[in-house]
Amino acid sequence: SKHITGHTGLLCLLGSPVTHSVSPEMHNEACDQLGLDYTYLAFDVPEDKMPEAVQGLRTMGARGWNITMPGKNIMCKLADKVSPASEISGACNTIVNDNGVLTAYTTDGVGFMRAVKEDGVDIIGKKMTLLGAGGAATAILVQAALDGVAEINVFNVRDNFFARAEEIVAKLNERTECKVTLHDFSDPEVLRASIADSAILVNGTSVGMAPNVDRTIITDTSMFHKDLFVFDVIYNPQETRLLREAKEAGCKTGNGMYMLLYQGAASFKLWTGEEMPVEIIKEKYFS
Ligand code: NDP
């Protein structure tokens, strides 16, 4: 086991629940591989206790932390500085502590962009159809617009996040070159037309996630076309019904597993300045 000394730095995950998370294994393995003297722990912290947890971590000089649900929004407010992507989305999954100054970042969207690129698909300057406006979908939306995707049609599947999505879409249209439009999911012909000239279709909802593996967000598979790359944020199962049917229709597909890996790699880089040895992590924890 790890040799922990008085010099060992602290990294951690805050949220509730946290015991299912692969982040502790991923980051501890990466630190071991590179000989970096940090240890990464997971702490179950409910949303209303986040201010206390942050005060403690700041006082104790933790180098940084990840935040999972339900703390992603409140953590942004607790930070001293906020990255452009976190400012637009109002959410963060990573805090870097520079001698008591906390900066909030969101690396989920960075992870998505890298996962797509490593799948050999270029979406810069192209059109995207994005389903959902929850946490994962928003992270993807913001990063894709910042990174140069030309046009994004967001389909709000249910109403919970509509007002928030409207605000974010307005900010992106004002601050980026990307043309972003928010649509209602209920009109299948608008969706069909959007998918028809999109390079990529992203499921950003939890529809199809285990245990509801029989479900899919696209029930009419005639919307798929062979030039479409279909990406699902879900990583459990690795092949959702959506991806299986897209593949059958001749589409190239990608799942959320490497998005998860690469968001971790991006956070790791922010804390340590080093590249995560992703091939080793892939082999051990993502295969
Ligand atoms: P949120 O709760 O923030 O968002 C969920 C989204 O799914 C919302 O748009 C929601 O719509 C929609 N949705 C949920 N159930 C239904 C339903 N029955 N019918 C239609 N729409 C539905 O969750 P997250 O964004 O955090 O997570 C979404 C998925 O992404 C999960 O499967 C999660 O595991 C995965 N994820 C993957 C990551 C990765 O790195 N690969 C990172 C983060 C999440 P509404 O708001 O109207 O309810």
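Residues numbered from 1 in each chain as written. Predicted model: local features only at pLDDT ≥ 70, side-chain atom pairs only at ≥ 80, totals over all residues. Heavy atoms only, no water.

**A word on the environment of Q143**
Tracing the chain through its elements places Q143 in helix α6 (residues 135-147). For the pair Q143 and F43, spaced 100 residues apart in sequence, the C-alpha separation works out to 28 Å. Those residues in contact with Q143, other than ones at most four positions away along the chain, are A85, T106, G109, V110 and M113. (Helix = DSSP H or I, 4+ residues; strand = E, 2+ residues; numbered from the N terminus. Contact = heavy atoms within 4.5 Å.)

**Here we look at the pattern of salt bridges**
Any two side chains of opposite charge can pair if their charged atoms end up close together. The full count for this structure, using the stated rule, is 18 salt bridges. Among the ionic pairs, D197 bridges to K127, the shortest N-O distance being 2.7 Å. Here D197, found in the loop between α8 (188-196) and β10 (200-203), pairs with K127, found in strand β7 (residues 127-131); they are 70 residues apart in sequence, far enough to count as distant. Salt-bridge contacts for D227 lead to K226; the nearest nitrogen and oxygen are separated by 3.5 Å. An identical accessibility class is assigned to D227 and K226; each is exposed. (Salt bridge = Lys/Arg side-chain N within 4 Å of Asp/Glu carboxyl O. Buried < 20%, exposed > 50% of the residue type's maximum accessible area, 1.4 Å probe, protein only.)

**Focus on the pairing of strand β8 (residues 151-156)**
Of all the 6 residues making up β8, 5 are buried; the element is thus mostly covered by neighbouring parts of the structure. As paired elements, β7 and β8 share 5 bridges and run parallel to each other. When the bridges of β8 are listed, M128 appears paired with I152. The β-α-β motif built from β7, the intervening α6 and the parallel element β8 has right-handed crossover chirality. In terms of strand pairing, β8 meets strand β9 (residues 179-184) through 6 bridges, oriented parallel. Bridge pairing in β9 links N153 to T181. The handedness of the β8 to β9 crossover, carried by helix α7 (residues 162-175), is right-handed. (Pairing = 2+ DSSP bridges. Right-handed = clockwise from strand over helix to strand, strands pointing away.)

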